[in-house]
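Remarks on the overall topology
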Amino acid sequence: VVEGDALEKASLVKLSNKEFHVDVTIKGASTDVYSVKASDFNLQVDLNKNSLKSGNNRLPITIKKKPENVAIQKQDNLYIDLNLDSIITKKFKINL
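Presented here is an overview of the structure given in this document. (Residues numbered from 1 in each chain as written. Predicted model: local features only at pLDDT ≥ 70, side-chain atom pairs only at ≥ 80, totals over all residues. Heavy atoms only, no water.)

Next up on the list: the pairing of strand S7 (residues 79-86). Pairing geometry for strand S1 (residues 12-14) and S7, over 3 bridges, is antiparallel. Of the residues in S7, the one forming a bridge with valine 13 is aspartate 85. The pairing of strand S4 (residues 55-60) with S7 spans 6 bridges and is classified as antiparallel. For proline 60, the partnering residue across the bridge sits in S7 and is tyrosine 79. (Pairing = 2+ DSSP bridges. Helix = DSSP H or I, 4+ residues; strand = E, 2+ residues; numbered from the N terminus.)

In structure tokens, the structure reads:
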């Protein structure tokens, strides 16, 4: 997940720092499909390119790198759900 300053600009914070995982189905010649590893792919979500709001955000995944000899099935349906909350401030007195 590429954050940049998108969360700060929108005054939002992630509710969880979990890592995201997505299941991908690939198609190609059997020798190619069997030789592909997860590390052959680079998938990315760029928060700077999305409109963000407090609550659940369904964000599209961009395929940055994949083996040329296989195709990712249903790549238009690759998303992650990212929960965000508003950043607020509260001022109060503390007695010493």
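Let's pick the thread back up.
This part covers the sheet that holds S1. Spatial strand order, S1-S7-S4: 3 strands in an open sheet with antiparallel pairing. Only two strands of the sheet have a single neighbouring strand rather than two, namely S1 and S4. With strand direction ignored, the average angle separating the axes of adjacent strands in the sheet is 45°. (Axes fitted to C-alpha atoms, helices over the stretch in contact; angles between N-to-C directions.)

With that out of the way, let us pick up the pattern of salt bridges. A pair can form between side chains of opposite charge whenever their charged atoms are brought close. What the rule picks out here adds up to 4 salt bridges. With a shortest N-O distance of 2.7 Å, glutamate 3 and lysine 14 are connected by a salt bridge. Taken together, the residues glutamate 3 in the segment before helix H1 (6-9) and lysine 14 in strand S1 connect sequence positions 11 residues apart. Among the residues examined, glutamate 3 registers a relative accessible area of 27% and is labelled partly exposed. By relative accessible area, lysine 14 is classed as partly exposed at 21%. (Salt bridge = Lys/Arg side-chain N within 4 Å of Asp/Glu carboxyl O. Buried < 20%, exposed > 50% of the residue type's maximum accessible area, 1.4 Å probe, protein only.)

With that settled, consider the nonpolar core. In this structure, Leu7, Val45, Leu47, Leu52, Leu59 and Leu84 are the most contacted members of the largest nonpolar core, which totals 16 residues. Elements supplying a minimum of two residues to this core: H1 and S7. With 3 residues, the single largest contributor to this core is S7. Among all residues touching leucine 52, those that are not within four sequence positions of it are Ala6, Leu7, Leu12, Leu47, Asn57, Leu59 and Leu84. (Core = buried A, V, L, I, M, F, W, Y, C linked by side-chain atoms within 4.5 Å. Contact = heavy atoms within 4.5 Å.)

For serine 11, which is not glycine, the phi dihedral falls at a positive 55°. Tracing the sequence through the fold places serine 11 in the loop between H1 and S1. The class of serine 11 is partly exposed, set by a relative accessible area of 36%. Notably, lysine 74 is not glycine yet its phi reads approximately 50°, a positive angle. Position of lysine 74 relative to the elements: it lies in the loop between strand S6 (71-72) and S7.

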